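Residues per chain are reported as follows:
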Amino acid sequence: GKNKVLVKMRNFDEKLIVMKNKIKLNNGKAEKIYLDDDLCNKDRQIQFKARQLAKERKNEGQRVKVGFKKVKINDSWHYWNEKTEKFVVETSQNFQ
């Protein structure tokens, strides 16, 4: 993004309050405001891939939700697999 700001919270409870209410920041404003956790480069790349996958699936008309290293597509959660470096539907075989 254009402008990034790193904000340190006094405690975890304050952070939770802010993160749970971040949806209210864009209420009718033209410029979008995004809040994310401060992640290492690897986790940031994984989250970028998660948002890309979600955007593709949403454009196909599917319901999506992005979490940390996971994407919910319709009713199935797809988790990041370190071995394949892809999002896969969780099964016992995928994570052995």
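Here, every reference points to the structure presented above.
For the structure given in this document, a descriptive report is provided here. Being a predicted model, the structure only gives us computed values, none of them experimental.

Once that is clear, we can look at the packing of aromatic side chains. Considering all chains together, one arrives at two aromatic pairs under this definition. For the ring pair Trp77 and Tyr79, a centre distance of 6.5 Å and an interplane angle of 40° mean the geometry is tilted. Each ring, one from Trp80 and one from Phe87, has its centre 5.0 Å from the other, and the planes form 65°; the classification is edge-to-face. In this structure Trp80 comes out as buried when scored by relative accessible area, which is 9%. In this structure Phe87 comes out as buried when scored by relative accessible area, which is 15%.

Note on helix geometry: an α-helix contains 3.6 residues per turn, so any two residues three or four positions apart are oriented the same way. For helix H2 (residues 41-59), which comprises 19 residues, the first-to-last C-alpha distance of 27 Å matches the rise-based estimate of 27 Å (1.5 Å per residue) to within 8%. For H2, the set of buried residues is Asp43, Ile46, Gln47, Ala50, Leu53 and Ala54. Buried positions in H2, seen along its axis, are confined to an arc of 120° and lie on one side of it. Residues of H2 that are exposed and angled more than 90 degrees away from the buried face: Asn41, Gln45, Lys55 and Asn59. Buried residues belonging to H2 abut strand E1 (64-67), strand E2 (70-73), strand E3 (76-81) and strand E4 (86-89). Of the residues one or two after H2, Gly61 is the one with positive phi, at around 95°.

Conventions and cut-offs
All residue numbers here refer to positions counted from 1 along the written sequence of the relevant chain. Local features in this predicted model are restricted to residues whose pLDDT is 70 or higher, and side-chain atom pairs enter the listing and the counts only when it is 80 or higher, whereas totals over whole chains, interfaces and linings include all residues. Calculation of side-chain values draws on the structure's entire complement of heavy atoms; hydrogens and water are dropped beforehand. When two rings of Phe, Tyr or Trp (its six-membered ring) have centres within 6.5 Å they constitute a pair, described as stacked for plane angles under 30 degrees, edge-to-face for angles over 60, and tilted for the intermediate range. Only protein chains enter the accessibility calculation, which uses a 1.4 Å probe; a residue is then buried when its area is under 20% of its type maximum, exposed when over 50%, and partly exposed in between. The helix count covers DSSP runs of H or I at least four residues long, the strand count covers runs of E at least two residues long, and both are numbered beginning at the N terminus. For a helix, the expected span equals 1.5 Å multiplied by the number of residues minus one. The arc in question is the one traced by the directions running from the helix axis out to the C-beta atoms. Here, residues are in contact when the closest pair of their heavy atoms is within 4.5 Å.

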